[in-house]
Amino acid sequence: MSEFADPYSERPFTLAVPDVELELLRKRLDLVRLPDELDGAAWHYGAARADVARLVAHWRGGFDWRAREAAINALPMFVRGVEVEGFGTLEVHYVHRRSGVEGAIPLLFVHGWPGSFLEARKLLPLLTAGSPEYPSFHVVAVSLPGFGFSEAPKKPGFAGPQYAEVFNKLMLALGYDEYVYQGGDWGHMIGVHAVHIYGHKHIKAWLTNLPIYRDPTLFTYPVYYLQKLALPITTRFNDRARIDYEKTKEWYKRGTGYYSEQATEPQTVGYSLADSPVGLLAWIYEKLVTWTDHYPWTDDEVLEWISVYWFSRAGPAAASRVYYEMTGGYAYEYWKGSERTSVPLGASYFPAELTRPPKQWLNMLGKVVFQSEHDRGGHFAAFEQPELLAGDLRKMFGKGGPAYGVVPGKDGYN
Amino acid sequence: MAGSTEQAFTVAVPDADLELLHKKLDLARLPDELEGAEWNYGVPLADIKRLVAYWKDSFDWRKAEAEINKLPMFTRDIEVDGFGTLNIHYVHQKSEVKNAIPLLFVHGWPGDFLEAKKILPILTAKSEEHPSFHVVSLSLPGFGFSEAPKKPGFAGRQYAEVFNKLMVALGYNEYVYQGGDWGHILGVHAVTHYGHTNIKAWHTNMPFYRAPKLFTNPLLFIGMLAIIFDTPTKTGLVNSMQWRTKGMGYYIEQATQPQTLGFSLSDSPVGLLAWIYEKLVTWSDKYPWTEDEVLEWISIYWFSRSGPAAAGRIYYEMTGQNQHDVMEGTKYSSVPLGASYFPRELVQLPKSWTSMLGNVKFEAQHDKGGHFAAYEQPEKLAGDLRNMYGKGGPVFGIVPGKNGYD
């Protein structure tokens, strides 16, 4: 049977940006017009001009996209059609690396914004390695619809349940009826819905590196609510708690401009992101720097990251829509429609994460069976601290761990 | 310091800049759009396609430039304490009425000095029926053809200083002030520092001050709606809240990371077009924008002296990177105040709250018009100013020796 007759069958995927696209990018870079910058403003008003200018120069001169593309193509990548109720069939792109261990635990890794499937890259060798010391995993790292090399939905309303449907159908199609889930950023925020809908039946447990959920209210969680009211005082007596509290407040004051715009007018900002490589670069690079824990980005890493957006299948503007769809155009919080489940939940705490609510509040999301606190790492944990995150997965799912054997017949060992 | 630095000013965009713009337009890469998106996700693709095509093939910047150059424009150096000298651009149109009232018109974002162009002939007209004004319409520092400040911290006090020094340098020791958007907000600052001594009265088309504490709590707010206010006021409040929750993306980004956004606005004419055009449409009262009007408006930003990225910094500086509100550093002033209420203005607060803003002597409610009142409804706005300052009006003769009539 021809592979093209059945839209649901898997095809290997090779990234091959057409020459004409590279040529057009080069032309746009040649015409770049940079803004000025206030004296001493670097990084206080947004992405620093000197850094952006350096990156643009490297992009024009030294950055070798074809070499990066070839390295990406060394990953086992595929596309397959996934039907989503009400949205037709979307071609979904993913990395799928199987472990040599037959009983490896199937794990779905979900990225966020401005991330991509490549965030799993450093985790792959760690998670798929076999050893009597720790469990092994079969890893699937999907490109969210609208990101990377997955198709984007064509109509409004593609939100939590739809993303969850894509994930679940993909895992089922790969033969993983029961699996575990790992995510941060939208990977976490969408995970909240995936676990709500497919938890227990398919998603047996999950680990988040963005351990947040709703705020407690007087009526829903009175004890946590009182705790929240007392935070300005109680945090004075605990350095770590005070730092977390200040950080979270800072985030809400200074860190949410991109969120607010993308949740209300993603198309408007999308025109800039689609048309200007330096505009897209600055928009994303600002987060790569400010959201990580002093990660020593190389210019090549940054430009590869931006290129995945620039050359994405749906274009850079499509990705921003997730903010709008998940919040109803900023009418409600992303978690609306989800509920607490008893699906085993693990949480990895990295110190430079953007918001750090009190740890007990995670009980509002699920049955917390695993917690791990680290002394380094930020928002892009899988990319910044792969050993630490992989270590958490191993501890959570390994022999003696709180979620050991949670996928029947696939405990991660030979 | 001998002599003034005033020079006549003409806009003369270099050919190379026009060529660069057109090269960029030729390479423009547009995004796709969700089915049925219309205006729900931002500017519709069809609008941008239409405007970009027109920009490439039909829009005649040189013609627009020549029209702008018919206005009496100047630049002069204004020294600002702690910031050195800024070269400030302005329109200065004098009335033939010797005792015309000196009026400073201040634009906002994404506006510019040209917002005054329709009220200029009306305000400067001579008649026994209404007062006449000498009008100064400046480009805010960092906007249009004024220089931008070079270091952080240029906020309310500094803008007020520029305004006052400019008017005094033009021979207008005592004057009146009109503004909307940042023009309104900076008016509160200007009146705080120069009220009574120099600014004898002022008028706003976007009347708001700090909301009473009670009303910053959303629950209380919703509860109070039902009890206190009549239907039009309730509608206005709901619209204002709507804007505050769903219409603030541009505000928060510009108030917190203006430089990041600035890379897009400097580099992409299409990006800049969308960013501003969205406000031209959503903030006006169904104003029938022509392609020429829109593209001239965008071009002022694209070809601005300091570049399009500089303008957004006003949000950052005036809020301390979103740490405080824009009225920080102001205080209530008894300088006579006039307010015009336009139905599609962004913020529509209970009229009773205007008295917290100032010493209300004049109010006018209109049934048409939005945020860009001077541009959308020039007759109505100019009419309000005439009624406020004219014979029989509440602040007639407020500027000694310059009551607007000969």
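Residues numbered from 1 in each chain as written. Chains lettered and ligands numbered in written order. Predicted model: local features only at pLDDT ≥ 70, side-chain atom pairs only at ≥ 80, totals over all residues. Heavy atoms only, no water.

**Student:** For this particular structure, what's the right way to read the overall build of chain A?
**Tutor:** Along chain A, the regular secondary structure elements total 15 helices and 9 strands. Taking the principal axes of the C-alpha coordinates as reference, chain A spans close to 65 × 55 × 40 Å. Out of the 414 residues in chain A, the part that is buried amounts to 62%. Taking all contacts inside chain A whose residues are at least 6 apart in sequence as the whole, residues at least 24 apart take part in 77%. Of the accessible surface of chain A, which amounts to about 15,200 Å², a share of 54% is contributed by carbon and sulfur atoms. (Helix = DSSP H or I, 4+ residues; strand = E, 2+ residues; numbered from the N terminus. Buried < 20%, exposed > 50% of the residue type's maximum accessible area, 1.4 Å probe, protein only. Contact = heavy atoms within 4.5 Å. Areas by Shrake-Rupley, 256 points an atom, 1.4 Å probe, with all protein chains shown as cover.)

**Student:** For this particular structure, what's the right way to read the packing of helix α1 (residues 19-30) of chain A against helix α2 (residues 49-60) of chain A?
**Tutor:** How two helices pack is summed up by the angle between their axes together with the distance between the axes. Residues and elements named next belong to chain A. At their nearest, the axes of α1 and α2 sit 10 Å apart, and the two run at 140° to each other. As judged from the angle between their axes, α1 and α2 are oblique. Crossing angle aside, the handedness with which α1 passes α2 is left-handed. Side by side, α1 and α2 meet where L25, L29 and D30 of the first sit next to V56, W59 and R60 of the second. Tallied by class, the residues present in the contact of α1 with α2 amount to 4 nonpolar, no polar and 2 charged. (Axes fitted to C-alpha atoms, helices over the stretch in contact; angles between N-to-C directions. Parallel < 35°, antiparallel > 145°, perpendicular 65-115°, else oblique. Left-handed = near helix turned anticlockwise from the far one by under 90°. Nonpolar A, V, L, I, M, F, W, Y, C, P; charged D, E, K, R; others polar.)

**Student:** Which parts of the structure should I look at to understand the pairing of strand β8 (residues 341-349) of chain A?
**Tutor:** Consecutive side chains along a regular strand alternate between the two faces of the sheet. Residues and elements named next belong to chain A. The buried fraction of β8 is high, at 8 of 9 residues. Here β8 pairs with strand β9 (residues 366-373) via 7 bridges, running parallel. Counted as the bridge partner of G346 is F370 from β9. (Pairing = 2+ DSSP bridges.)

**Student:** Just checking my understanding: could you explain the sheet that holds strand β6 (residues 179-183) of chain A for this structure?
**Tutor:** Note: strands within a sheet are paired through backbone hydrogen bonds, in either parallel or antiparallel orientation. Residue and element names in this part refer to chain A. Ordered in space as β1-β2-β3-β5-β4-β6-β7-β8-β9, the 9 strands form an open sheet in which the pairing is mixed. Bordering the open sheet on either side are β1 (11-12) and β9, each of which pairs with just one other strand. In the packing of helix α15 (residues 386-397) onto the sheet, the strands contacted are β4 (105-110), β5 (137-142), β6, β7 (203-208), β8 and β9, and the crossing angle to β7 comes to about 145°.

**Student:** Just to check I follow, could you spell out helix α12 (residues 291-302) of chain B for this structure?
**Tutor:** Each α-helix winds once per 3.6 residues, and so residues spaced three or four apart point in a common direction. With 12 residues, α12(B) ought to run about 16 Å at 1.5 Å a step, and its terminal C-alpha atoms sit 16 Å apart, in line with that. Counting buried positions over the 12 residues of α12(B) gives 10, a clear majority of the element. (Expected span 1.5 Å × (residues − 1).)

**Student:** What exactly am I supposed to notice about the interface of chain A and chain B here?
**Tutor:** Many analyses report the size of an interface as the accessible area lost when the parts associate. Facing 61 residues of chain A, the contacting portion of chain B comprises 61 residues. Among the residues of chain A in contact with chain B, R33(A), Y45(A) and Y271(A) are the three that bury the most area, contributing 17% of the side total. The interface formed by chain A and chain B holds 2 salt bridges in total. The interface formed by chain A and chain B includes 37 residue pairs in polar contact (both at pLDDT 80 or more). Within the residue set of the side of chain A that touches chain B, elements represented by two or more residues are α1, α2, α8 (239-254), α9 (257-264), α10 (266-275), α11 (277-290) and α13 (316-327) of chain A. If one sorts the elements of the side of chain A that touches chain B by residue count, α10(A) sits on top with 9 residues. Residues of the side of chain A that touches chain B, tallied by class, amount to 28 nonpolar, 14 polar and 19 charged. (Buried area = accessible area lost by both parts, 1.4 Å probe. Salt bridge = Lys/Arg side-chain N within 4 Å of Asp/Glu carboxyl O. Polar contact = N/O pair within 3.5 Å; in protein donor to acceptor, adjacent residues only side chain to side chain.)

**Student:** Any chance you could explain the packing of α10(A) against α13(A) here in plain terms?
**Tutor:** All names here are of chain A. As a packed pair, α10 and α13 sit with axes 8 Å apart at the nearest point and diverge in direction by 155°. The pairing of α10 with α13 is recorded here as roughly antiparallel in orientation. For the pair α10 and α13, the sense of crossing is right-handed. In this structure, α10 contributes P266, Q267, G270, L273 and A274 to the contact, and α13 contributes P316, A317, S320, R321 and Y324.

**Student:** Can you help me understand the confidence of the model for chain A in this one?
**Tutor:** For any part of a model where pLDDT is low, the fine detail of the predicted coordinates should not be relied upon. Of the residues in chain A, 98% have a pLDDT of 70 or more, and the chain-wide mean is 96. Across residues 1-5 of chain A, confidence stays below pLDDT 50; counting only partners more than four residues off in sequence or on other chains, it has 4 contacts. (pLDDT = per-residue confidence, 0-100.)

**Student:** Hey, could you run me through the sheet that holds strand β8 (residues 336-341) of chain B in this one?
**Tutor:** Residues and elements named next belong to chain B. Strand order in this open sheet of 9 strands is β1-β2-β3-β5-β4-β6-β7-β8-β9, and the pairing throughout is mixed. Strand pairing shows two members of the sheet lacking a second neighbour, β1 (7-8) and β9 (359-365), which therefore form its edges. Bridge count for β8 against β9 is 6 bridges, and the pairing is parallel. In the strand pairing of β9, Y341 is matched with Q365. Along the sheet face, helix α5 (residues 156-169) touches β2 (73-80), β3 (84-93), β4 (101-106), β5 (133-138) and β6 (175-179) and points at about 125° away from the line of β2. The sheet strands contacting helix α6 (residues 182-194) are β4, β6 and β7 (199-204), and the helix crosses β7 at an angle near 160°.

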